Amino acid sequence: MQTRKSFSTDRMKQPFDPRRNHAETQQKIGYITRKNATQADYDRICFMSGLEVHQQLKTRKKLFCRCPSGIYQKPDDFDAELIRHMRPTLSELGEYDGTALMEFRTRKNIIYRIKNQSACTYEVDDTPPFPLNMDALGISIDIALLSKMKVVGEVHITRKQYLDGSIPTGFQRTAIIGIEGEIELKNKKVRLIQLSLEEDACREVSDIGHIRVFRTDRLGMPLIETVTYPDFKNPDEVKEGADYIRFLNRSTGKVLTGIGSTRADVNVSCKGGTRVEIKGVSHTSWMPELTHNEAFRQWALLAIKEILNAKVKDKTSWKISWKEVKPKDFKLENLGVPKNSTLKVYIVNLPQFQGILSHFTQPGKMFADEFSDRLKVIACLEKPNMVHSEMFDDIVGEKAWTKVRSLLGSKDGDAQIIFWGPEDDIKTALETIEERGKMAFTGVPNETRKSFEDGTTIFERVLPGADRMYPDTDSAPIPLDDAAIDEAIKRLPEVVSTRIRQLIEWKVPEDTHTYILKNNLVPILEKAQTELQVPARFTATLLAHTLKHIQGHNPALPEFTYEKVYDLLQYIVKQHLDLAIARQILLHLYQHPKMDFDSILTTLNFKPIPESEILGKIPFLVRKYKEIRTSKEESAGHRWVMGNLRKIATGNISLRELSQRIDK
Amino acid sequence: MSEDIFQGYKGHALEVLQKYNARVWAKVRVDSSRGVFEGTILPRAENTDDKHLVLKIFTGYNIGVSIDGISNITELGYKKAVYKIPEKEFPYSKDKPNVKLLGTGGTIASRLDYRTGAVIPAFSPGELYGAVPELADICNLTTEKLFAVFSENMGPEQYKKLAIAIGNEIEKGIDGIIIGHGTDTLHYTSAALTFMVQNSPVPIVLVGSQRSSDRPSSDAALNLMHAATAAAHGDIAEVMVCMFGPTSDEYGFLHGGTRVRKMHSSYRSTFRTIGDTPLATVTRQGVTPIKHDYNRRRKDRNVKIFPYYEEKVTMVYYYTNMKPDVIDALVDAGYKGIIIIGTGLGHVNKPIYPAIERAIAKGVAIYMTVQTLWGYVHMFVYDTGRDLMAKGIIPAENMLPEVAFIKLSWALGQTSDLEEVKRIMLTPINNEITPREPYNGYLIYQGGVPEVEEFIRKFHK
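Residues numbered from 1 in each chain as written. Chains lettered and ligands numbered in written order. Predicted model: local features only at pLDDT ≥ 70, side-chain atom pairs only at ≥ 80, totals over all residues. Heavy atoms only, no water.

Draft legend 1. Broad picture of the overall build of chain A. Helix and strand counts for chain A come out as 21 helices and 21 strands. Judged by the C-alpha coordinates and their principal axes, chain A covers about 105 × 70 × 50 Å. Per-residue burial for chain A yields a buried fraction of 55% across its 664 residues. In chain A, the share of contacts with a sequence separation of at least 24, taken over all contacts with a separation of at least 6, comes to 75%. (Helix = DSSP H or I, 4+ residues; strand = E, 2+ residues; numbered from the N terminus. Buried < 20%, exposed > 50% of the residue type's maximum accessible area, 1.4 Å probe, protein only. Contact = heavy atoms within 4.5 Å.)

Now the structure itself:
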């Protein structure tokens, strides 16, 4: 007994080292970087992920009003502003939604910036909806069919509550077009849950304290959402699936392709975890890192749950205690709080949370960040909003912490937070801290998270459930009879998996596939091959290498379209020119899309010279080289002759053939 | 009657449901030509076709399945949704004023009606407290549902019932009254109550909402809070309409009951005072008077109730080339009073003069108002006007057409002596006729003008 006691006292005397704790916990949960992770690692934690891919449709008008679609405004460019608040309402099944209540607690003043050109009274919810845009409906039926879905017999417009203010009505009008489909990836099929047609939301301008500002330009644009089952078993599959859906959408040629036109919400969970939604990921290349980290964050939260449940016997009685303190006692200027600030400062004790606050969650992050993120979102406390007893760099100082502990009557093994904020927000802040603390005992909270380029995420909102759905009483159901579906089937393009197989068959290099599919260029490859006998391989590299390079170095002009590349190939074939000249013409064509091909050739100083004339120069040049002989190297002569002929040869004769003739 | 287990389904759809014995609220698997669909069968809204079955699928969305393609329905479970606004007892505190909310069927708090697909109001204090808990910070609220009719179905019977109910509440000592009302005819009711309930010692506030309370951005909650503030704490003891000032969630207006009109079919800020300024603005912090010559709150209970109404009164909106038979037909149908809404300063064309003469001869009371809404009837300016007056048409000054209609109905409800009717009509009870039109009583700014655009940019719309 005696020895045991002295042992534990010794341990207590040793100062707690958050850095070491962070490193140890990271190791203990078996975190591994994505680079080093194998399928076995993902199987160990039962990585599971599904996608909700949003795609803007290319229509002239918005979905429920007659405003033009796709006219954007700068953040500070507006004709009028108006202010609204959102209150939770009951769903059709008589429940209040969890997110709804949280958003209500945050008491946000929501300001909308309206530009007359892009928004009318519908966007700001001062007019009921006009009949649904039928072009958008047609496109969404096409994509549902391409996704092998069952198309509904009658479209019901539903209201899906969003209380974050991103839609002025407080709900998004959305309708299911198809359910239960599938897509075919390289090694597996992924099942699709549904495809819905919905109105896009506002774009956020800022969100500071209790004021959130939106612009209404994007609001109401037609958008489809393709939802998959959680069939992805590793992060790379997630990206492959997202790309596939993106390519499928684009294969119709009826969707928008600019920045922000495709955004995905990525759902992730691990064994014992919960579905967490990473919102609005607009780059598929971010997905692997994000999903990897999220799965391990959940794994870490589950480890925390184990630790806490082992430590705390009666978890229902766990609660925080707090006290208000004077700002000057803690030299908060050092923490970014202005000296004469009216902010209130509170110290909080978290029983038994030592070692939890600095527990690893994501690369470079610890559990304490979960509190700070929620304080920002729920209690509207701008960051920095807190410090805690397990920070790597303790700016508060051990002396101050000792005082905090004595004021709170903390016991060994407890952890402490100091936070600050406006008086009105303190109550919510304290509730938020206690709530998140209690959640740690149950594992992974249901939530949506915002993503960052480095692959980490922060808390965004509580994940809404099915309880926020409500039939739209402002619009009637739209029947979709079999004739309409048959008509749609006739106009469908090839499915993407068939397209990928075609590319492989045509021996089109794999490094061009993404560019070709992303820009829906297979039809051009196919047309050039069948009608002009230009090999798909050639067209593919012309587009995905030459053109992509040109695009990267020259400004885009609206007159340039991919169709022009086909016209170019057609011209070359008609003029009996050699295909190689296409690469030279392309640069001029891209820079001057209105110029005709004859003029471009003149600019290039191209002269049509018969093959025989070019070949006829070979003997002379060979002799000439023998006279001057610039190098001892065997192949130098060949290169010299080629170099002299290249300029006149390009376009007139295939360089490969020329090379062969020189060798003879 | 046993419960309808196929709620709302009819015709072919009903036959198919009966054939497979699939009830509303049953969780089912439907085999159809477009594939298998699973979900809960929802009631079908009225006035929809009999060709589709509505399912709520597991993701919470609703879809319709074509009845024609259905080859089988299997019931997998059953769960009926009970839609209920959480009810909490409305707290009472001694130091807060007592306010009565009289319900007529507006959309202050509402729930979904599957039969029509529309929303129907929920109303008890407990339900209201559940939906708008802030009300308890303003007053002690009790409620009474007098009737449940849509705004467009409000009429004499309801006006009289309301007036009597208000009288009773005032005598019992209430500190303020709120009337929940649909917005379409709110200004008819506010006029009727101004005439029927006179000398009220407490505020009588009519309130509605332009966006039903089943949506998060509804104006209902804030309107209700504003109305409660005006009724409980405001000093203006008149019949008023309380609705949004701007479309933003910022402040409400208290409009005088006889000068207010709904001016936009869907905007939140649809109610405007015509030919004058509103009485006051109101926020949750209190009432800020704009006008200062209002009737003040009193301690006494000396309210006067005049529940009179003659139903044979109509309005005629004059249009070019109107024929005399329109007027003749009304007279033949036994109408005792006609409000003409004339062009410009109060005119109609000559061809209907004979019909007017015939009507006057038969003892029909005819009053003239203007289509322009703003401004007075001035029948001395042109010959036509003078002719009409000579024939017995009485100019109703700057009374709004709907207000003149209500007032004439009320006056004829009291007497058939046309001289007495005229006296009542032209003696203002509460600003339905004003002696002068203030310069800021007519402000309709037009967009596109730089200084107007600057103003709009600066203040929340």
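Draft legend 2. Geometry of the overall build of chain B. On a plain count of helices and strands, chain B comes out with 11 helices and 23 strands. Projecting the C-alpha coordinates of chain B onto the three principal axes gives extents of approximately 80 × 60 × 55 Å. Relative to its 461 residues, chain B shows a buried fraction of 57%. Accessible surface, chain B as shown: approximately 19600 Å² in total, 52% of it carbon and sulfur. (Areas by Shrake-Rupley, 256 points an atom, 1.4 Å probe, with all protein chains shown as cover.)

Draft legend 3. Quick look at the interface of chain A and chain B. Facing the 64 residues of chain A at the interface are 61 residues of chain B. For the pair chain A and chain B, the interface holds six salt bridges. The salt bridge involving Asp126 of chain A is made with Arg211 of chain B; its shortest N-O contact spans 4.0 Å. Between chain A and chain B we count 31 residue pairs in polar contact (both at pLDDT 80 or more) in total. Of all the secondary structure elements, the ones that give two or more residues to the side of chain A that touches chain B are strand 2 (80-84), strand 4 (150-151), strand 6 (157-161), strand 7 (171-184), strand 8 (189-199), strand 20 (469-471) and helix 11 (482-490) of chain A. Here strand 5 (residues 154-155) of chain A runs beside strand 4 (residues 62-66) of chain B; their pairing, made up of two bridges, is antiparallel. Among the inter-strand pairings, Val155 of chain A is bridged to a residue of strand 4 of chain B, identified as Ile63 of chain B. (Salt bridge = Lys/Arg side-chain N within 4 Å of Asp/Glu carboxyl O. Polar contact = N/O pair within 3.5 Å; in protein donor to acceptor, adjacent residues only side chain to side chain. Pairing = 2+ DSSP bridges.)

Draft legend 4. Structural view of the environment of Ala476 of chain A. Within the secondary structure, Ala476 of chain A sits in the loop between strand 20 and strand 21 (478-479). Taking the C-alpha atoms as reference points, Ala476 of chain A and Val155 of chain A, 321 residues apart in sequence, are found 8.9 Å from one another.

Draft legend 5. Molecular detail of helix 8 (residues 368-377) of chain A. Here helix 8 of chain A lies mainly inside the structure; nine of its 10 residues are buried. When we look at burial in helix 8 of chain A, the residues that qualify are Ala368, Glu370, Phe371, Ser372, Asp373, Arg374, Leu375, Lys376 and Val377 of chain A.

Draft legend 6. The nonpolar core, seen in detail. With 164 residues, the main nonpolar core has Leu350, Phe353 and Phe419 of chain A together with Leu53 and Ile73 of chain B as its most contacted residues. The biggest single contributor to this core is helix 7 (residues 287-311) of chain A, with 11 residues. Not counting chain neighbours up to four residues away, the residues in contact with Leu53 of chain B comprise Tyr9, Leu17, Val30, Ile41, Ile63, Gly64, Val65, Ile67, Ile70 and Ile73 of chain B. Counting 55 residues, the second largest nonpolar core, distinct from the first, contains Leu186, Tyr367, Ala404 and Leu412 of chain B. (Core = buried A, V, L, I, M, F, W, Y, C linked by side-chain atoms within 4.5 Å.)

Draft legend 7. Just the domain arrangement of chain B, in detail. Domain annotation of chain B identifies domain 1 (11-78), domain 2 (98-305) and domain 3 (313-426). Relative placement of domain 1 of chain B and domain 3 of chain B: their C-alpha centres are 57 Å apart. (Domains from an automatic or database assignment.)

Draft legend 8. Seen up close, the sheet that holds strand 17 (residues 415-421) of chain A. All names here are of chain A. One open sheet accounts for four strands, arranged 14-15-17-16; its pairing is antiparallel. Of all strands in the sheet, those with a lone pairing partner are strand 14 (321-325) and strand 16 (386-388), marking the two edges. Neighbouring strand axes in the sheet, compared pairwise and without regard to direction, differ in orientation by 20° on average. When strand 15 (residues 344-350) meets strand 17, the two strands line up antiparallel, connected through seven bridges. Within strand 17, the residue paired with Leu350 across the bridge is Ala415. Across the sheet, helix 9 (residues 398-408) lies against strand 14, strand 15, strand 16 and strand 17, angled at about 95° from strand 17, the strand it touches most. (Axes fitted to C-alpha atoms, helices over the stretch in contact; angles between N-to-C directions.)

Draft legend 9. Here's a closer look at the pairing of strand 3 (residues 109-114) of chain A. All names here are of chain A. Counting buried residues along strand 3, five of its six residues qualify, which places the element largely inside the surrounding structure. Sheet topology note: the strand 2/strand 3 ladder contains five bridges and is antiparallel. When the sheet's bridge partners are listed, Ile83 is paired in strand 3 with Ile111. Two elements, strand 3 and strand 10 (residues 211-215), share five bridges in a ladder whose sense is parallel. By the bridge assignment, Ile110 is partnered in strand 10 with Arg212.

Draft legend 10. How the structure looks around the sheet that holds strand 1 (residues 26-32) of chain B. In space, the seven strands of this open sheet follow the order 21(A)-5(A)-4(B)-3(B)-2(B)-1(B)-5(B), with antiparallel pairing throughout. This sheet does not close on itself; its edge strands, each paired only once, are strand 21 of chain A together with strand 5 (70-78) of chain B. Bridging between strand 2 (residues 35-41) of chain B and strand 3 (residues 52-56) of chain B involves two bridges; their strand directions are antiparallel. Within strand 3 of chain B, the residue paired with Thr40 of chain B across the bridge is Lys56 of chain B. Here helix 1 (residues 11-19) of chain B sits on the sheet in contact with strand 2, strand 3 and strand 5 of chain B, set at roughly 60° to strand 5 of chain B.

Draft legend 11. Structural view of the pattern of salt bridges. Residues and elements named next belong to chain A. Going through the model one piece at a time under the given rule, you end up with 70 salt bridges over all chains. Residue Lys254 is joined to Asp142 by a salt bridge in which the shortest nitrogen-to-oxygen separation is 3.2 Å. Of this pair, Lys254 sits in the loop between helix 6 (235-250) and strand 12 (262-269) while Asp142 sits in helix 5 (residues 134-146), and the two are 112 residues apart along the sequence. Overall, Lys254 belongs to the partly exposed group, its relative accessible area being 29%. Notably, a salt bridge pairs Glu294 with Arg297, separated by 2.8 Å at the nearest N-O pair. Of this pair, Glu294 and Arg297 both sit in helix 7, three residues apart, roughly one helical turn. Of the two residues examined, Glu294 and Arg297, each falls in the buried class. What you see here is one network of salt bridges that share partners, running through Glu294, Arg297, Glu370, Arg374, Arg436, Glu447 and Arg449.

Draft legend 12. Local environment of a positive patch on the surface. All names here are of chain A. On the surface, a cluster of positive charge is made up of Lys326, Lys328, Lys331, Lys399 and Lys403. Along the chain, the position of Lys399 falls in helix 9. Overall, the relative accessible area of 77% leaves Lys399 in the exposed class. (Patch = residues over 30% accessible without salt bridge, like charges linked within 9 Å, V, L, I, M, F, W, Y side chains within 5 Å. Lys, Arg positive; Asp, Glu negative; His and termini not counted. Charge placed at Lys NZ, Arg CZ, Asp CG, Glu CD.)

Draft legend 13. Quick look at the packing of aromatic side chains. Counted under the stated rule, the structure contains 24 aromatic pairs over all chains. Geometrically, the ring pair formed by Tyr625 of chain A and Trp640 of chain A is tilted, given 5.6 Å between the ring centres and 40° between the ring planes. Residue Tyr625 of chain A is found in helix 19 (residues 611-628), and its partner Trp640 of chain A is found in helix 20 (residues 636-649); the two are separated by 15 residues along the sequence. Centroid distance Tyr318 of chain B to Tyr319 of chain B: 6.5 Å. Interplanar angle 10°. Geometry classified as stacked. The buried category is assigned to Tyr318 of chain B, whose relative accessible area is 7%. Taken together, Trp318, Phe353, Phe367, Phe371 and Phe441 of chain A form an aromatic cluster joined through their ring pairs. Cation over ring: Arg23 of chain B sits above Tyr78 of chain B, and NZ or CZ is 4.1 Å from the ring centre. (Phe/Tyr/Trp six-rings, centres within 6.5 Å; stacked < 30°, edge-to-face > 60°. Lys NZ or Arg CZ within 6 Å of the ring centre and 35° of its normal.)

Draft legend 14. Seen up close, the packing of helix 20 of chain A against helix 21 (residues 655-663) of chain A. Residues and elements named next belong to chain A. Contact pair helix 20 / helix 21: the axes reach a minimum separation of 10 Å and the direction vectors enclose 140°. One element, helix 20, and the other, helix 21, form an angle in the oblique class. Judged by the twist between their axes, the crossing of helix 20 over helix 21 is right-handed. In this structure, helix 20 contributes His638, Val641, Met642, Leu645, Arg646 and Ala649 to the contact, and helix 21 contributes Leu655, Leu658, Ser659, Ile662 and Asp663. Of the residues belonging to the contact of helix 20 with helix 21, the class tally is seven nonpolar, two polar and two charged. (Parallel < 35°, antiparallel > 145°, perpendicular 65-115°, else oblique. Left-handed = near helix turned anticlockwise from the far one by under 90°. Nonpolar A, V, L, I, M, F, W, Y, C, P; charged D, E, K, R; others polar.)

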